[in-house]
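Residues per chain, in single letters:
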Amino acid sequence: MIAEGVTDHVVLENILIGYFNNPDLAMYIRYLQPLRDATDTLEGFGGWFNVFEYCKSTVFKEAFIQNDYLLIQIDTDCSHAKHYEVPRIQGETIEDFIRRVITKFERLFIENFGFEFYDSHQTRILFAVAVDEIECWLLPLHSTDKKAQASTNNCIYKLNQQLVKAKKDRINPNQKDARTYEKLSRDYNKPKFLNNAYPQNPSFCYFVEQYLSFIPKSEG
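Values in this document were obtained by computation on a predicted structure and should not be read as measured data.

Here is what the cut-offs are and how they apply
- Residues numbered from 1 in each chain as written.
- Predicted model: local features only at pLDDT ≥ 70, side-chain atom pairs only at ≥ 80, totals over all residues.
- Heavy atoms only, no water.
- Helix = DSSP H or I, 4+ residues; strand = E, 2+ residues; numbered from the N terminus.
- Rg over C-alpha atoms; globule rule 2.2 N^0.38 Å.
- Buried < 20%, exposed > 50% of the residue type's maximum accessible area, 1.4 Å probe, protein only.
- Contact = heavy atoms within 4.5 Å.
- Lys, Arg positive; Asp, Glu negative; His and termini not counted.
- Charge placed at Lys NZ, Arg CZ, Asp CG, Glu CD.
- pLDDT = per-residue confidence, 0-100.
- Arc of directions from axis to C-beta.
- Polar contact = N/O pair within 3.5 Å; in protein donor to acceptor, adjacent residues only side chain to side chain.

Enquirer: Help me understand the overall build of the protein, please; the structure alone is not making it clear to me.
Expert: Helices and strands together make up the secondary structure of the protein, namely 11 helices and 4 strands. A compact globule built from 220 residues should have a C-alpha radius of gyration of about 17 Å, and the protein, at 17 Å, falls within 12% of that. Taking the principal axes of its C-alpha atoms as reference, the protein extends roughly 50 × 45 × 35 Å. Considering the protein as a whole, with its 220 residues, one finds that 50% of them fall into the buried category. Intrachain contacts of the protein at a sequence separation of at least 6 include 64% that bridge at least 24 residues. With 25 positive and 30 negative side-chain charges, the protein shows a spacing of 6 Å between the two charge centroids.

Here it is, written out as structure tokens:
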């Protein structure tokens, strides 16, 4: 799994466990970027820039040797920034925006490894593009408001509003920790909660229906 940070790792792990209805799946998930040490703390800086850097490295290419699939997670809140450079277009659908982000990665793979390599491995690459951030995928689990569940911006703020209402601890945007996110996403490891939630958020739905749904359940 290649992600911006360890908080994204734990959210996605719960989603994968719930989708494939396999609690033992965690034993087979490898965290490639960022690395985690024995105390579950971040080694390096993580972030969207490091996701791109990892995906054009020889380490990424070699990762296919030991992994059936490579899952790449990235947020889009900084998609306008230099080196990312996939800004939102007014009136564009979420699905079209996600496809443009994926195209950015595809071009990167071809430029660094060649078309033949990418063409032979593309079915093993899964993209979890969170618009605008992974916290948007948590809102369907913590809010009953349909508009909030479908949010694609200011999701940490909106999620914190729901957590305050539920008398739960708020997320500190400047000091995120994996244990908090594991707790907030834990119900996603139950198929019932996951299947009710993911269709409510467009980028979450895109990930599940365009990528996870094509993996045979026996492979999960």
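Still more to cover.
Enquirer: I'm lost on the confidence of the model for the protein in this one. Help?
Expert: Caution applies to low-pLDDT parts of the model: their predicted coordinates are not meant to be read in detail. Chain-level pLDDT for the protein is 93 on average; 94% of the residues reach the 70-or-more range. Across residues 38-45, confidence stays below pLDDT 50; counting only partners more than four residues off in sequence or on other chains, it has 13 contacts.

Enquirer: Help me understand the pairing of strand 3 (residues 70-75) in this model?
Expert: If a strand is regular, its side chains alternate between the two faces of the sheet. Along strand 3, 6 of the 6 residues are buried, which leaves the element largely enclosed by surrounding structure. The side-chain alternation of strand 3 yields two buried faces, one formed by Leu70, Ile72 and Ile74 and the other by Leu71, Gln73 and Asp75.

Enquirer: Could you clarify how one ought to interpret helix 9 (residues 178-185) in this entry?
Expert: Along an α-helix, residues three or four positions apart point the same way, because every turn accommodates 3.6 residues. Among the residues of helix 9, those classed as buried are Ala178, Tyr181, Leu184 and Ser185. Buried positions in helix 9, seen along its axis, are confined to an arc of 130° and lie on one side of it. Those residues of helix 9 that are exposed and aimed more than 90 degrees away from the buried face are Arg179 and Lys183. The residue sitting at the N-terminus of helix 9 and contributing the capping side-chain oxygen is Asp177; that oxygen lies 3.2 Å from the backbone nitrogen of Arg179.

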